[in-house]
Amino acid sequence: MFVRQRLSSEPDRYRGRRRVPTPPRSRYAVVVTSAFIGAGVVAIGAASNLPNAKDVNPEVLQGLKSAQVANQAISDRSTEEKASRSEDRGVAKTNVSADEATADVWLLPLDSYTYSSPFGIRWGQLHAGIDLAAPEGLPYKAVHSGKVIQAGYYGGYGYAVTVQNDDGTQVIYAHSRRVLVKVGEQVKAGQVIGQVGNTGNSYGTHLHLEIHVDGQPVDPIPFLRERGVDIKLQVESIYAGMAAAAS
């Protein structure tokens, strides 16, 4: 029998070593299966610590149910209130006409003028209104809606127009060149009712504006300012555009 001899120069690959046998595939399966089983046991143990619904205090459950019912009731109520407000706004928009929307509007009597004389004592007598200097023939407008109770020549006022408002106040527009309305006519705020002139006891072309409350003359400056109109600053009510659209 021929036996091959190992040469002295040939390296000994296995000298001093022990071969470790490769484990069978079945051993890996056992390890993996054991890991999954262990994880399942942990999960079951954790689940066993959760409270059982039967073990929870009935009063606590009832409290949670009551809170849920209350929250639902509040939500339903809020929805109903929002719907109601929306319906109210819709009705208001539908029922209010253009005339009603502008009934309380107060405006400037002229588009352009110079504030020339105040309310008060002048030359030893009461100057019962204010004077607004403007070119002759310039149209002037009603500062508020109302009924014309005087139109035409009116003594020292010259040609004048007097409008009685729904609240009983009266506004006199005096020294006109011409009046453009008649007694009994209903006028709106912003409607042209006459032209600036120099008739009656007048010393220059201007519009004399006079306001009476309970039959007594009052200073038009603070009266109109309280209603959104500033004569000195020539600022109209914020509803000026609404009145113009309705006229």
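Everything in this summary refers to the structure shown in the same document. Residue numbers run consecutively from 1 along every chain, following the written order of its sequence. This being a predicted model, a pLDDT of at least 70 is required before a residue's local features are given, and a value of 80 or more before pairs of side-chain atoms are given or counted; all residues contribute to the totals for chains, interfaces and linings. Side-chain calculation: all heavy atoms of the structure are included, whereas hydrogens and water are not.

## Concerning the overall build of the protein chain
Part 1: Within the protein chain, the regular secondary structure consists of 5 helices and 12 strands.
Part 2: Looking at the protein chain as a whole, 28% of its 247 residues qualify as buried.
Part 3: Residues count as neighbours in contact if any of their non-hydrogen atoms are within 4.5 Å of one another. The contacts of the protein chain with a sequence gap of at least 6 include a subset with a gap of at least 24, amounting to 60%.
Part 4: Note on areas: Shrake-Rupley, 1.4 Å probe, and residue coverage restricted to the protein chains presented here. In the structure as shown, the protein chain presents an accessible area of about 17100 Å², 54% of it carried by carbon and sulfur atoms. Numbering of helices and strands runs from the N terminus, with a helix taken as a DSSP run of H or I at least four residues long and a strand as a DSSP run of E at least two residues long. Buried means the residue's accessible area, taken with a 1.4 Å probe over protein chains only, is under 20% of the maximum for its type, while exposed means over 50%, and partly exposed covers the values in between.

## Some words on the pattern of salt bridges
Part 1: Here, a salt bridge means any side-chain nitrogen of Lys or Arg that lies within 4 Å of a carboxyl oxygen of Asp or Glu. Taken as a whole and judged by the stated rule, the model has 4 salt bridges.
Part 2: We note a salt bridge from D230 to R225, for which the minimum N-O separation is 3.5 Å.
Part 3: The class of R225 is partly exposed, set by a relative accessible area of 42%.
Part 4: Its salt-bridge partner being E226, residue R227 comes within 3.6 Å of it at the nearest N-O pair.
Part 5: Since its relative accessible area comes to 65%, E226 is described here as exposed.

## Things to note about the packing of aromatic side chains
Part 1: Each aromatic pair joins two rings of Phe, Tyr and Trp (for Trp, the six-membered one) with centres within 6.5 Å, and gets the label stacked for planes under 30 degrees apart, edge-to-face for over 60, and tilted for any other angle. Enumeration over the complete set of coordinates arrives at 5 aromatic pairs.
Part 2: Between W106 and F223, the ring centres sit 5.5 Å apart and the planes meet at 80 degrees, which makes this aromatic pair edge-to-face. Remark: F223 occurs in helix α4 (residues 220–225) and W106 occurs in the loop between α3 (98–101) and β1 (114–117); sequence separation between them is 117 residues. The burial state of W106 is the same as that of F223; both residues are buried.

## Quick word on the environment of A160
Part 1: Along the chain, the position of A160 falls in strand β7 (residues 159–165).
Part 2: When the C-alpha atoms of A160 and G200 are compared, they prove to be 9.3 Å apart, with 40 residues separating the residues in sequence.
Part 3: If near-sequence neighbours (up to four positions away) are discounted, A160 is found in contact with Q150, A151, G152, Y154, Y173, A174, S176 and V179.

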